Amino acid sequence: ANDNGDFFSHEELSKKYKTFIGKAAFVDHDNENVEKARGIILDAVYNNKGKFVELLKAVDKKAYPELARGIELGYITDTSMGCRCGYSLCSICQNKAVTEDDFCDHILRYKGSHYNGLPVFEDNRDIEFFEDSFVCTGADPKAKILERVASKGIIKSRNDIIKPNSNEIYSNNLMKKIASENNQRNVGNRINTFSDQLKNLPWS
């Protein structure tokens, strides 16, 4: 389970990982408005060995240069997915919850911690991924940017670049700046932004 107390099984991920494809990339889960999309998820593959999902995301570098620069220089390293689930099971009592009103006392009071020495989490089922965000610190400490592709044929490992300053205050301030970054494309040069590409995709 991640730090939020959410668990996704190998079986569930292997069935549903492709729902990522074609969805938007945001910053800090500010995903209520598709116009705030900073990029698009081009592809998703399931890593059977590690039992996790790898995404290929494209960021609109002209529209959001600060975000692109932060990724290229290695300041931004964490990602966090957004998903809907049909129902969840309590790790302690296996109570099935479709809405928050269905939660048992374990989930309501102990989710993300322990009960009688056992970890308390929601085992999420019937999931559908609808976004992935660049964040300062993600709920899953292993959800990281693995490589950066600046252009075709140029791939940089995140370990190749040393951050000038990676303290928490600096990172938080940087993410606040990036989260509030406005689209830098002017109307006349707005050829085909991500919001144009995403408008015909399923969205709710």
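None of these values were measured; they are calculated from a predicted model.

1. What about the side chain of N2?
Thought 1: With respect to the helices and strands, the residue N2 is situated in the segment before strand 1 (6-7).
Thought 2: When neighbours within four sequence positions are excluded, N2 is seen to be in contact with F8, A139 and D140.

2. A few points about the state of the cysteines
Two cysteines, two sulfur atoms, one covalent bond between them: this is a disulfide.
Thought 1: Under the counting rule described, the total for this entry stands at 0 disulfides.
Thought 2: C83 forms no disulfide, and the closest cysteine sulfur to it belongs to C85, at a distance of 6.1 Å.
Thought 3: The cysteine C90 is free of any disulfide, with C104 supplying the nearest cysteine sulfur at 3.5 Å.

3. Here's the deal with the environment of I21
Thought 1: Inspection of the secondary structure puts I21 in the loop between helix 1 (10-16) and strand 2 (24-27).
Thought 2: Exposure remark for I21: the relative accessible area of 36% places this residue in the partly exposed category.
Thought 3: Put simply, I21 and V45 are 24 residues apart on the chain and 9.6 Å apart in space, counted from C-alpha to C-alpha.
Thought 4: Here I21 is in contact with I41, L42, D43 and A44, once residues within four sequence places are set aside.

4. Side note on the nonpolar core
Thought 1: Judged by nonpolar contacts, the single largest core of 13 residues is most densely connected at V27, L67, I71, I76, F134, I145 and I178.
Thought 2: At the level of secondary structure, the elements contributing two or more residues to this core comprise strand 2, helix 2 (65-72) and helix 4 (168-179).
Thought 3: The dominant element in this core, judged by the number of residues it contributes, is helix 4, at 3 residues.
Thought 4: In this structure I76 touches L67, G70, I71, F134, I145, M175 and I178, once residues within four positions along its chain are discounted.
Thought 5: Within the second largest apolar cluster, 9 residues are counted, among which are L13, F20, I41 and A44.

5. Regarding helix 2
Thought 1: The set of residues buried in helix 2 consists of L67, A68, G70 and I71. Buried residues of helix 2, seen end-on, are gathered within an arc of 160° and therefore sit on one face of the element.
Thought 2: A positive phi of about 85° marks G74, the residue just after helix 2.

6. Points about the environment of E12
Thought 1: Topologically, E12 is positioned in helix 1.
Thought 2: Under the relative-accessibility criterion, E12 is labelled buried at 5%.
Thought 3: Distance from E12 to D126, taken between C-alpha atoms, is 7.3 Å for residues 114 residues apart in sequence.
Thought 4: Once you skip the residues sitting within four places of it in the chain, E12 turns out to touch N124, R125, D126 and I127.
Thought 5: Only 2.7 Å separates the side chain of E12 from the backbone nitrogen of D126, close enough to count as a polar contact.

7. What about the packing of aromatic side chains?
Thought 1: Inspection of the entire model under this criterion finds 4 aromatic pairs.
Thought 2: Considering the side-chain rings of F7 and F121, the 5.2 Å spacing of their centres and the 45° angle between planes classify their relative orientation as tilted. Of this pair, F7 sits in strand 1 while F121 sits in the loop between strand 8 (118-119) and strand 9 (122-135), placing them 114 residues apart in sequence.
Thought 3: Against the face of F134 rests K57, its NZ or CZ located 4.0 Å from the ring centre.
Thought 4: Here the basic side chain of K96 rests over the ring of Y87, its NZ or CZ set 4.4 Å away from the ring centre.

Cut-offs applied
- Residues numbered from 1 in each chain as written.
- Predicted model: local features only at pLDDT ≥ 70, side-chain atom pairs only at ≥ 80, totals over all residues.
- Heavy atoms only, no water.
- Helix = DSSP H or I, 4+ residues; strand = E, 2+ residues; numbered from the N terminus.
- Contact = heavy atoms within 4.5 Å.
- Disulfide = S-S within 2.5 Å.
- Buried < 20%, exposed > 50% of the residue type's maximum accessible area, 1.4 Å probe, protein only.
- Core = buried A, V, L, I, M, F, W, Y, C linked by side-chain atoms within 4.5 Å.
- Arc of directions from axis to C-beta.
- Polar contact = N/O pair within 3.5 Å; in protein donor to acceptor, adjacent residues only side chain to side chain.
- Phe/Tyr/Trp six-rings, centres within 6.5 Å; stacked < 30°, edge-to-face > 60°.
- Lys NZ or Arg CZ within 6 Å of the ring centre and 35° of its normal.

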